Amino acid sequence: MKNYKIHTYEEAVEVINEIGLLPLAQLIPDYPSLDSITPKENWYTGSELDPWMWRAQFPVDGAAAYGKFLKKKSVLISRELLPIVRVVLGSPHPLKIRFDDGLVSREALELFALIEEEPGIDTRVLRAKAGMKDKEKKKSFDNALLELQGSMDIVVSGTKAKTNEMGEKNGWSSTSFETMDYWVDNNRVVLVNFEMDEAKMHLKDHFGAICSPESMKVLSKLFKF
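Residues numbered from 1 in each chain as written. Predicted model: local features only at pLDDT ≥ 70, side-chain atom pairs only at ≥ 80, totals over all residues. Heavy atoms only, no water.

Draft legend 1. Looking closely at a positive patch on the surface. On the surface, a cluster of positive charge is made up of Lys68, Lys71, Lys73, Lys217 and Lys221. Along the chain, the position of Lys68 falls in strand β2 (residues 64-70). In this structure Lys68 comes out as partly exposed when scored by relative accessible area, which is 34%. (Patch = residues over 30% accessible without salt bridge, like charges linked within 9 Å, V, L, I, M, F, W, Y side chains within 5 Å. Areas by Shrake-Rupley, 256 points an atom, 1.4 Å probe, with all protein chains shown as cover. Salt bridge = Lys/Arg side-chain N within 4 Å of Asp/Glu carboxyl O. Lys, Arg positive; Asp, Glu negative; His and termini not counted. Charge placed at Lys NZ, Arg CZ, Asp CG, Glu CD. Helix = DSSP H or I, 4+ residues; strand = E, 2+ residues; numbered from the N terminus. Buried < 20%, exposed > 50% of the residue type's maximum accessible area, 1.4 Å probe, protein only.)

In structure tokens, the structure reads:
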């Protein structure tokens, strides 16, 4: 694996396109993450060189899908690799059928319906509309969002700034979501018609060509190839 060192958003897009999968923080041994290939002093500065700002720009531009797709950790996936990863991590069955089969929580089903109805919905608005603003419901809300990202049913669409009545920025930005189908269609991602075994073999070949044996051990567990 190459030893990447980058400084700009454009360079980050090139790395994602080259390796296909880029975690935000260390997730795979002997494998790059956005925080390992960028200068530490650029993070959280709010400048155009701030990788924390880029994370919301990738999905907005359609440069990469962004979400907590693996082990509840944030990762970026290239447009080319996304359809193949989705075959492996996702499901060909609609969410309602999976719910009826006991494979999906009611909270996830309800949140998905709200996200589908309003693409790009702010997390704060979503929580209010779902009737989950109470403190004791926060864990269920967070878990449902993780569940939907882990099954690749939803994707981060960007971030929205919190503003006061004057329209001035007031507090931390919050994440916004849309369905994976909406993001894929909106960004004209080319889908593949792979069976599960074929998709896994493609991922194994892709990562096998660029990764060390140590990285491959972890990737083989994550994608079960």
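Alright, that's what it looks like, and here's the rest.
Draft legend 2. Inspection of the side chain of Asn187 at higher detail. Residue position: Asn187 is located in the loop between α8 (180-186) and α9 (196-208). On the accessibility criterion, Asn187 (14% relative accessible area) is buried. From its side chain, Asn187 meets the backbone oxygen of Trp183 in a polar contact 2.9 Å long. Apart from residues no more than four positions distant in its own chain, Asn187 is found in contact with Pro59, Asp61, Gly62 and Arg79. (Polar contact = N/O pair within 3.5 Å; in protein donor to acceptor, adjacent residues only side chain to side chain. Contact = heavy atoms within 4.5 Å.)

Draft legend 3. A look at the pattern of salt bridges. The full count for this structure, using the stated rule, is seven salt bridges. Salt-bridge contacts for Asp100 lead to Lys96; the nearest nitrogen and oxygen are separated by 2.9 Å. You can see Asp100 and its partner Lys96 sitting in helix α4 (residues 95-100), four residues apart, about one turn around the helix. Between Asp122 and Arg124 there is a salt bridge whose closest N-O contact spans 3.6 Å.

Draft legend 4. Highlighting the packing of helix α1 (residues 9-19) against helix α2 (residues 51-61). Interhelical geometry of α1 versus α2 gives an angle of 65° and a closest axis separation of 11 Å. Two packed elements cross with a definite hand, and for α1 against α2 that hand is right-handed. Here α1 contributes Tyr9, Ala12, Val13 and Ile16 to the contact with α2, which in turn contributes Trp54, Gln57, Phe58 and Asp61. When grouped by side-chain class, the residues that make up the contact of α1 with α2 number six nonpolar, one polar and one charged. (Axes fitted to C-alpha atoms, helices over the stretch in contact; angles between N-to-C directions. Left-handed = near helix turned anticlockwise from the far one by under 90°. Nonpolar A, V, L, I, M, F, W, Y, C, P; charged D, E, K, R; others polar.)

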